[in-house]
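# Structural overview
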Amino acid sequence: MKPPILIIITSTVVLGTMIVLFSSHWLMIWIGFEMNMLAIIPILMKKFNPRAMEASTKYFLTQATASMLLMLGIIINLLHSGHWTVSMIPNPIASTVITIALAMKLGLSPFHFWVPEVTQGVPLSSGMILLTWQKIAPLSVLYQISPSINPNLLVAMAATSVLVGGWGGLNQTQLRKILAYSSIAHMGWMAAIMVYNPTLMILNLAIYIMMTLGTFMLFMHSLSTTTLSLSHTWNKLPLTASLILALMLSLGGLPPLSGFIPKWMIIQELTKNDMIVMPTFMAITALLNLYFYMRLTYATALTMFPSANNMKMKWQFESTKKMILLPPLIVASTMLLPLTPLLSIMD
């Protein structure tokens, strides 16, 4: 894709999300979602092949259905409340329809089927945008309407998302699909806390975005899309391999790393609200995620490639992509735990 076109399309994606973030009018929010959806499709089809085309079509169909449901919910709300302002939604049907539409846009279970398929079909850079930037707009709307969301609906979706996110990634060898299932599980954690403490959802989103961006950038740097190609990293780029190890454990939510902060605070908040079964279930299903991150870690950093590296000539090309933000992202994705008291005061 030519640079001027790419700049125009990317700025439209950014503008669409910004319109959703800063609007207090339902129609403007809907328009923002539409701009964002139509502009992301050429980015998904950057490398034009049948897989990318199929993925983009799947993405378009789900997002268009979600937009239609969102508009239905907005109109039901308009008929009952008489205004377009984003505020408390008095009608439970409107609230439920809008929540389901946003869950479809996010890829929460049971509307998660498109996420692994679309992520697998597009290049790593497009998958990175899909699993990070594209989550901001729907979550911001859920944040605004969180007081009027049905808690039972959201908690049920959260529980199934965490389970699907753990279960689905278990036997995957494709890195993009593993990250897609990881995304579904993280969205489940965010949905679980949405009704009880929406600020914690923002914290979880920020840390999730940093970890996912860092992971995708490392995969792009080492040109890996499967576990097999990732296992060659140790021979070629030992530092990258050890950084992938740290980021994987952080995504799994192990204590000394940043990924532990949102899990810890969400479990604490849910127990404060007299919920015992839900956080216990979520903590147990998080072990499934940890298992497949550990599999990647094992393949990357703990197994040696069978040949001795004594060749004068590199058999694999070095990546020419410059990953500018990688060092700060890796630091933020692994070393934020000491800031937890400060973050808890902000809540």
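Residues numbered from 1 in each chain as written. Predicted model: local features only at pLDDT ≥ 70, side-chain atom pairs only at ≥ 80, totals over all residues. Heavy atoms only, no water.

### Thoughts on the overall build of the chain
Across its full length, the chain holds 17 helices and 0 strands. For the chain, the C-alpha radius of gyration of 20 Å lies close to 20 Å, the compact-globule estimate for 347 residues. Over its C-alpha atoms, taken along the principal directions, the chain stretches across nearly 75 × 50 × 35 Å. Within the chain, buried positions represent 55% of all 347 residues. A separation threshold of at least 6 residues defines the contact pool for the chain, and within that pool the share at least 24 residues apart is 78%. By element, 74% of the accessible surface of the chain is carried by carbon and sulfur atoms, the whole surface being about 15,300 Å². Between the centroid of the 17 positive side chains of the chain and the centroid of its 7 negative side chains there is a distance of 16 Å. (Helix = DSSP H or I, 4+ residues; strand = E, 2+ residues; numbered from the N terminus. Rg over C-alpha atoms; globule rule 2.2 N^0.38 Å. Buried < 20%, exposed > 50% of the residue type's maximum accessible area, 1.4 Å probe, protein only. Contact = heavy atoms within 4.5 Å. Areas by Shrake-Rupley, 256 points an atom, 1.4 Å probe, with all protein chains shown as cover. Lys, Arg positive; Asp, Glu negative; His and termini not counted. Charge placed at Lys NZ, Arg CZ, Asp CG, Glu CD.)

### With respect to the UniProt feature "transmembrane region" (unreviewed entry) in the chain
In this numbering, the UniProt entry assigns the feature "transmembrane region" (unreviewed entry) to residues 5–22, 57–80, 92–115, 152–171, 202–220, 241–261, 281–305 and 325–346. Annotation note: span residues 152–171, helix share 85%, strand share 0%, distance between end C-alpha atoms 31 Å. In the segment residues 202–220, helix accounts for 100% and strand for 0%; the C-alpha atoms at its two ends are 27 Å apart. (UniProt positions renumbered as here; feature names shortened; annotations may be inferred.)

### Observations regarding unusual backbone geometry
In the segment running from Ser109 into Pro110, the intervening peptide bond is cis, with an omega of 5 degrees. Among the structural elements, Pro110 can be located in the loop between α4 (92–106) and α5 (114–121). Unlike most non-glycine residues, Leu223 shows phi in positive territory, near 50 degrees. Inspection of the secondary structure assignment puts Leu223 in the loop between α10 (198–221) and α11 (227–231). Exposure remark for Leu223: the relative accessible area of 43% places this residue in the partly exposed category. The phi dihedral of Asp274 falls on the positive side, at around 60 degrees, and the residue is not glycine. Assignment of secondary structure puts Asp274 in the loop between α14 (260–272) and α15 (277–301).

### As for the pattern of salt bridges
Under the criterion given, the structure shown has 4 salt bridges. In this structure, Glu54 engages Lys58 in a salt bridge whose closest nitrogen and oxygen atoms are separated by 2.8 Å. In this pair, Glu54 and Lys58 are both assigned in helix α3 (residues 50–81), 4 residues apart and thus about one turn of the helix distant. Several salt bridges share partner residues, and in doing so they unite Glu54, Lys58, Glu117 and Lys177 into one network. (Salt bridge = Lys/Arg side-chain N within 4 Å of Asp/Glu carboxyl O.)

### Some points on the side chain of Thr119
Within the secondary structure layout, Thr119 lies in helix α5. A relative accessible area of 0% places Thr119 in the buried class. Discounting residues that sit within four places of it in the chain, Thr119 has contacts with Gly127, Leu130, Leu131, Arg176 and Ala180.

### Description of the packing of aromatic side chains
What the rule picks out here adds up to 3 aromatic pairs. Summarising the aromatic geometry, the rings of Tyr59 and Trp114 are spaced 5.5 Å apart at their centres and angled 65 degrees between planes, so their arrangement reads as edge-to-face. Residue Tyr59 is located in helix α3, and its partner Trp114 is located in helix α5; the two are separated by 55 residues in the primary sequence. Taking the relative accessible area as the measure of exposure, Tyr59 reaches 3% and is therefore buried. For Trp114, a relative accessible area of 7% gives the class buried. Arranged with centres 5.7 Å apart and planes meeting at 20 degrees, the rings of Phe260 and Trp264 form a pair that is stacked. Pair noted here: Phe260 and Trp264 are both in helix α14, with a separation of 4 residues, about one helical turn. Looking at Trp264, the relative accessible area reads 38%, which means it is partly exposed. (Phe/Tyr/Trp six-rings, centres within 6.5 Å; stacked < 30°, edge-to-face > 60°.)

### Side note on the environment of Phe216
Considering the arrangement of structural elements, one finds Phe216 in helix α10. Classification of Phe216 as buried rests on a relative accessible area of 0%. Phe216 has contacts with Leu124, Gly127, Met128, Leu131, Arg176 and Leu179, leaving out every residue within four places of it along the chain.

### Side note on α3
In a regular helix each residue adds 1.5 Å, so 32 residues correspond to 46 Å; α3 covers 46 Å between its end C-alpha atoms and thus fits that length. Positioned one or two residues after α3, Gly82 has a phi angle of 85 degrees, which is positive. (Expected span 1.5 Å × (residues − 1).)

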